[in-house]
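# Inside the fold
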Amino acid sequence: MQVELHQSIDEIEPALWDDLAPSDNPFLSHQFFSILERSGSASRQTGWTPLHAVLKDGNDTLAIVPMYLKGHSYGEYVFDWGWADAFQRAGGDYYPKIQVAVPFTPVPGARIFLRQGGGERLVEVGYALQEIVCRLELSSMHVTFCMEDEWRALGRSGFLLRRGIQYHWENRGYSCFDDFLGDLRSSKRKMIRKERKRVNQDGIEVRMLQDPLEVAAALDAFYPFYLSTIDKRWGSAYLKRSFFRMLANEMSDKVVFAAAYRSGRLVAGALNLVGADTLYGRNWGCLEDYDFLHFEACYYQAIDHAIAKGLKRVEAGAQGPHKLQRGYAPALTYSAHYIPNESFRQAIARFLDHENREIGERMQELNQMTPFHRTGTDENS
């Protein structure tokens, strides 16, 4: 297997990339990666240096793997700060490392774009990826938010395996929002209705925008909202203003924007992208504080939209156990990590063994905490 490394997404033909990448997920398209890179959001200057791998079998392209050289661990959502600190205290250079990911995007999806029928060669691809790490003399490679079959294959090739938890909403054939509420215990139905009513009492109207002109205007106005959320939570804005403008101009057919208006003035917004059967929540911003508006714009409007459009699920991003009480169920996420240094690898393996047991126990607890009816229990409990 031959490996070519490319320092820009635009060095790879869009048709080739999109022929291999799953078409049901907009974040995996050549266009989305190109917007991230051309806007300067994912670049050497921001610590995300493109290094995409094209794997060939003779003259035929077998796989494409979106990769970045990382000079830090920001914007990844699978945290390895402790690993970096330990490696550097032992005298090693943890950075740069290789990140196989969609930058700033904790959306599960394929990370190895394989030629049709090439699934049986995933393990072989895993060995090729390890060879890249060794050839470049790097500390590690991290494949984050990958699919479970990729995860298992990478584990067989020698990657260490890690799991995490997100919260996704599943459409159980609902015909309307009240249909969904009917699946919940009484106390949770009342809570959600109370939260939605409060937003309405504050004089706020939330509309889901899909018209290209409306989307373009909303995304152009959204940047200060995005910055306000970043300042409150993380303190470092990764996405440039030009990213939102390019997204509106080039991928408006994939954007669903929840725009919250008060007296005709935009006061908050939530950016979503839509795939073949899933609505993906990405960025939220609000310049003023309104009770429950975040839940309305990011969760309830997303559910409403998914039901109306017949979508199967809503994935509302990373973290957030508060989503559980609003009808979003726990879902496992997967990442794989290759560490060639044997002593460091053994230490991380011990950590992951303990962490994975905790994740398994946590999933059992969370599944008992969902707000849906349970057979043989009091619906008001």
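Residues numbered from 1 in each chain as written. Predicted model: local features only at pLDDT ≥ 70, side-chain atom pairs only at ≥ 80, totals over all residues. Heavy atoms only, no water.

### Some thoughts on the confidence of the model for the chain
The pLDDT averaged across the chain works out to 94; a share of 97% of its residues lies at or above 70. Contacts of residues 375–381 to residues separated by more than four positions or lying in other chains number eight contacts, the stretch itself having pLDDT below 50. (pLDDT = per-residue confidence, 0-100. Contact = heavy atoms within 4.5 Å.)

### Description of a nonpolar patch on the surface
A contiguous nonpolar patch, built from Tyr-74, Phe-79 and Trp-81 and spanning about 340 Å² of accessible area, is present on the exposed surface. By the secondary structure assignment, Tyr-74 is in the loop between β5 (67–70) and α3 (81–89). What makes Tyr-74 partly exposed here is its relative accessible area of 44%. (Patch = residues over 30% accessible without salt bridge, like charges linked within 9 Å, V, L, I, M, F, W, Y side chains within 5 Å. Areas by Shrake-Rupley, 256 points an atom, 1.4 Å probe, with all protein chains shown as cover. Salt bridge = Lys/Arg side-chain N within 4 Å of Asp/Glu carboxyl O. Helix = DSSP H or I, 4+ residues; strand = E, 2+ residues; numbered from the N terminus. Buried < 20%, exposed > 50% of the residue type's maximum accessible area, 1.4 Å probe, protein only.)

### Considerations on the environment of Leu-209
With respect to the helices and strands, Leu-209 occurs in strand β10 (residues 204–209). Residue Leu-209 is classed as buried on the basis of its relative accessible area, which comes to 2%. Setting aside its immediate chain neighbours within four residues, Leu-209 contacts Glu-214, Val-215, Ala-218, Val-255, Val-256, Phe-257, Ala-259 and Tyr-261.

### Topic: the nonpolar core
One finds Phe-32, Leu-219, Phe-244, Leu-247 and Phe-257 to be the most contacted residues of the largest nonpolar core, which totals 46 residues. Of all the secondary structure elements, the ones that give two or more residues to this core are α1 (14–20), α2 (30–38), α8 (212–233), α9 (241–250), β11 (255–262) and β12 (265–274). Looking at which element gives the most residues to this core, the answer is α8, with eight residues. Apart from the residues within four sequence positions on either side, Phe-257 is in contact with Arg-207, Met-208, Leu-209, Ala-218, Leu-219, Phe-222, Gly-269, Ala-270 and Leu-271. The next biggest cluster of nonpolar side chains, apart from the first, holds 42 residues, and it includes Tyr-174, Ile-204, Tyr-300 and Val-314. (Core = buried A, V, L, I, M, F, W, Y, C linked by side-chain atoms within 4.5 Å.)

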